[in-house]
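What follows is each chain in one-letter form.
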Amino acid sequence: MNEEGRLRNVFWADARSRATCKEFGDVVTFDTTYLVNRYDMPFAPFVGVNHHCSSVLLGCGLISHEDTESFSWLFKNWLTCMSGRAPDAIITDQCAAMRNALENIFPNTRHRWCIWHIMKKVPEKLKGYKTYDKISYRFRSVVYDSLTVEEFETGWDAFIKKYELQSNTWLHGLYLEKKRWVPAFVKDVFWAGMSSTQRSESMNAYFDGYISSTTTLKQFVEQYENALTKEVENEKQEDHTS
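Residues numbered from 1 in each chain as written. Predicted model: local features only at pLDDT ≥ 70, side-chain atom pairs only at ≥ 80, totals over all residues. Heavy atoms only, no water.

Student: In this structure, what is going on with the overall build of the protein chain? I would like to understand it.
Tutor: In terms of helices and strands, the protein chain carries 11 helices and seven strands. For the protein chain, the C-alpha radius of gyration of 20 Å lies close to 18 Å, the compact-globule estimate for 242 residues. Here the protein chain, with 242 residues, has 48% of them falling under the buried criterion. In the protein chain, the proportion of contacts linking residues at least 24 apart, taken out of those at least 6 apart, comes to 67%. For the protein chain, the accessible surface area stands at approximately 12700 Å², while carbon and sulfur atoms represent 50% of it. Across the protein chain, 29 positive and 32 negative side-chain charges occur, with their mean positions spaced 4 Å apart. (Helix = DSSP H or I, 4+ residues; strand = E, 2+ residues; numbered from the N terminus. Rg over C-alpha atoms; globule rule 2.2 N^0.38 Å. Buried < 20%, exposed > 50% of the residue type's maximum accessible area, 1.4 Å probe, protein only. Contact = heavy atoms within 4.5 Å. Areas by Shrake-Rupley, 256 points an atom, 1.4 Å probe, with all protein chains shown as cover. Lys, Arg positive; Asp, Glu negative; His and termini not counted. Charge placed at Lys NZ, Arg CZ, Asp CG, Glu CD.)

Written out as structure tokens, the structure is:
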């Protein structure tokens, strides 16, 4: 609640999510890009991957502000609900508030940035250069094709010098945080085949048709149950097929 006694943040997880987290909670993606109700409270699902390589919900929340305090509150409650077991690894976007909260609540969890979100910004950040097509191709090549840290470092230096990109602050910032997103730096940890938060975004598909931007909080909880019932049916079908 806030100072006026109004609802500020909500977190909940059912028994199924808690049981699932014991089995598949070692790698989690967390994303808040799905606005679900009339109050513009971002839906924040914790998503894992099960034995069918399908997305599974490990708890979720609705938060009023995307700040460090709100994220810390959410992560702390999720950790308590999951019997104090923090994930080994987590994938998020580049939100600074989210990062601060993760460092406070999950200090031993490996934090990785969603590489899809980074690549999505390439046109916006580099389109102004005359040789943009060549720059874009070389950038992706250095990131994705470098199999070792040394190979990446060598390729990055050559890339920056060849296209005279020393003054590009976006690229410089990415280089300083290379251990959070470049594949060559993060492959020492198990990621369950994930490199982006698209698992979280695909989880949103479970709720499409059940909820919309006009959904009230009461309706949201009811429709959430209906959506999860459908998810359970899908998993049973997967088990049967298997």
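Student: Is there a simple way to explain the packing of aromatic side chains in this structure?
Tutor: Taken as a whole, this structure holds 17 aromatic pairs when the rule is applied. Ring plane angle 10 degrees and centroid distance 4.6 Å describe the contact between phenylalanine 46 and tryptophan 78, whose orientation is recorded as stacked. Remark: tryptophan 78 occurs in helix α2 (residues 68-81) and phenylalanine 46 occurs in strand β4 (residues 42-49); sequence separation between them is 32 residues. When its relative accessible area of 1% is taken as the criterion, tryptophan 78 is described as buried. Taking 6.1 Å as the distance between ring centres and 15 degrees as the angle between the ring planes, the aromatic pair formed by phenylalanine 71 and phenylalanine 75 counts as stacked. Of this pair, phenylalanine 71 and phenylalanine 75 are both found in helix α2, four residues apart, which corresponds to roughly one turn of the helix. (Phe/Tyr/Trp six-rings, centres within 6.5 Å; stacked < 30°, edge-to-face > 60°.)

Student: Teacher, can you tell me more about the pattern of salt bridges here?
Tutor: Across all of its chains, the model carries 11 salt bridges by this definition. Taking the shortest distance from any N to any O, the salt bridge between glutamate 103 and arginine 99 comes out at 3.4 Å. Here glutamate 103 pairs with arginine 99, and both are found in helix α3 (residues 96-105), just four residues apart, close to one helical turn. For glutamate 103, a relative accessible area of 41% translates into the label partly exposed. When salt bridges that share partners are traced, they join Arg99, Glu103, Glu177 and Arg180 into one network. (Salt bridge = Lys/Arg side-chain N within 4 Å of Asp/Glu carboxyl O.)

Student: Explain the pairing of β4 here, please?
Tutor: Counting buried residues in β4 gives eight out of eight residues, a clear majority hidden from the surface. What you see with β4 is no split at all: Pro42, Ala44, Phe46 and Gly48 on one side and Phe43, Pro45, Val47 and Val49 on the other are buried throughout. Two elements, strand β2 (residues 27-30) and β4, share two bridges in a ladder whose sense is antiparallel. Across the sheet, the residue bridging to threonine 29 is valine 47, located in β4. Taken together, the six bridges between β4 and strand β5 (residues 55-63) define a ladder with antiparallel strand orientation. In the sheet register, phenylalanine 43 faces β5, and the bridge partner there is leucine 62. Where β4 folds back on β5, the antiparallel hairpin that results is connected by five residues, among which cysteine 53 adopts a positive phi of roughly 60 degrees. (Pairing = 2+ DSSP bridges.)

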